[in-house]
Amino acid sequence: MPFTRITLRQGYSDAGLTLISDTLHQTLVETFAVPAADRFQVIEALPAGRRVFDAHYLSGTRDEDFILFQLVAGKPRTRAQKQQFYRLLSERLHARLGIHPDNIMVIMQFNSADEWSFSSGKMHQQEAI
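What comes next concerns the included structure. (Residues numbered from 1 in each chain as written. Predicted model: local features only at pLDDT ≥ 70, side-chain atom pairs only at ≥ 80, totals over all residues. Heavy atoms only, no water.)

## A look at the pattern of salt bridges
Going by this rule: When a carboxyl oxygen of Asp or Glu is within 4 Å of a side-chain nitrogen of Lys or Arg, the pair counts as a salt bridge. Going along the chain from the N terminus, every DSSP run of H or I of four or more residues is numbered as a helix, and every run of E of two or more is numbered as a strand. Buried means the residue's accessible area, taken with a 1.4 Å probe over protein chains only, is under 20% of the maximum for its type, while exposed means over 50%, and partly exposed covers the values in between.
A complete count under the given rule lists 5 salt bridges for this structure. Between Asp 22 and Arg 39 there is a salt bridge, with its nearest N and O atoms 2.9 Å apart. Here the residue Asp 22 occupies a position in helix 1 (residues 14-32), and Arg 39 occupies one in the loop between helix 1 and strand 2 (40-46), the gap between them amounting to 17 residues. Arg 92 is the salt-bridge partner of Glu 30, the closest N and O atoms lying 2.5 Å from each other. One end of the pair, Glu 30, is in helix 1; the other, Arg 92, is in helix 2 (residues 79-97), and 62 residues separate them in sequence. Given the relative accessible area of 14%, Arg 92 is considered buried.

## Digging into the environment of Phe 40
For clarity, the cut-off: Working rule for contacts: check all heavy atoms of both residues, and any pair within 4.5 Å makes them a contact.
Position of Phe 40 relative to the elements: it lies in strand 2. Separated by 55 residues in the primary sequence, Phe 40 and Ala 95 have C-alpha atoms spaced 24 Å apart. Among all residues touching Phe 40, those that are not within four sequence positions of it are Met 1, Pro 2, Phe 3 and Thr 4.

## A short note on the packing of aromatic side chains
Short version of the rule: Only centres within 6.5 Å qualify two rings of Phe, Tyr or Trp (six-membered ring in Trp) as a pair; their planes then separate them into stacked at under 30 degrees, edge-to-face at over 60, and tilted for everything else.
What the rule picks out here adds up to 3 aromatic pairs. When the ring of Phe 53 is compared with that of Phe 66, the centres are 4.5 Å apart and the planes differ by 35°; the resulting orientation is tilted. Remark: Phe 66 occurs in the loop between strand 2 and strand 3 (67-73) and Phe 53 occurs in the loop between strand 2 and strand 3; sequence separation between them is 13 residues. Accessibility expressed as a relative area gives 8% for Phe 66, which makes it buried. The interplanar angle of 65° and the centroid separation of 6.3 Å between the aromatic rings of Phe 85 and Tyr 86 together place this pair among those described as edge-to-face. Phe 85 gets classed as buried once you look at its relative accessible area, which sits at 0%. Ring-pair connections join several aromatic residues into one group, and the members of that group are Phe 32, Phe 85 and Tyr 86.

## A word on the pairing of strand 2
Applicable threshold: Whether two strands pair comes down to DSSP finding at least two bridges between them. The handedness of a crossover follows from its direction of travel: if, with the strands pointing away from the viewer, the path from the first strand over the helix to the second runs clockwise, the crossover is right-handed.
Looking at chain direction, strand 1 (residues 3-9) and strand 2 are connected through 7 bridges and run parallel. Pairing of Thr 4 across the sheet is with Gln 41, part of strand 2. Handedness of the crossover is the feature at issue here: the chain leaves strand 1, passes through helix 1, returns alongside strand 2, and the resulting connection is right-handed.

## Concerning the nonpolar core
In plain terms, the rule: Take the buried Ala, Val, Leu, Ile, Met, Phe, Trp, Tyr and Cys residues and link them wherever side-chain atoms come within 4.5 Å; each set so joined is a nonpolar core.
Membership of the largest hydrophobic core comes to 19 residues, with the highest contact counts inside it found for Ile 20, Ile 67, Phe 69 and Phe 85. Elements with a contribution of two residues or more to this core: strand 1, helix 1, strand 3, helix 2 and strand 4 (104-110). With 5 residues, the single largest contributor to this core is helix 1. Not counting residues within four places of it along the chain, the set of residues in contact with Ile 20 comprises Ile 6, Leu 8, Tyr 12, Ile 67, Phe 69, Leu 93, Leu 97 and Ile 99.

Structure (structure tokens):
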């Protein structure tokens, strides 16, 4: 069960935000074998002054369309799975929304099942999240 925080600029329409969310989820389902109904995301649309980033750090040129995806998952993925995820997400956002690949940044973190509580104050015990 990945959880993703998506931080981006203000100004996207509801349809645009839905397309970003759907694109992320489709890519997770295909590359990480996430169940189709397993979607947990927070979308933060911030004004320009609340997003501080280096336009050139390890990238061509980032601009106001910069999007940060912070993903936390309980099941580790292989290097190949992660690379495929990065590539597909970037390609799809470019094709569907015209977001240049230089504007896509992803941070992944993995942890164990006992670091999740899905409800009622109960620690999750299953290893395959």
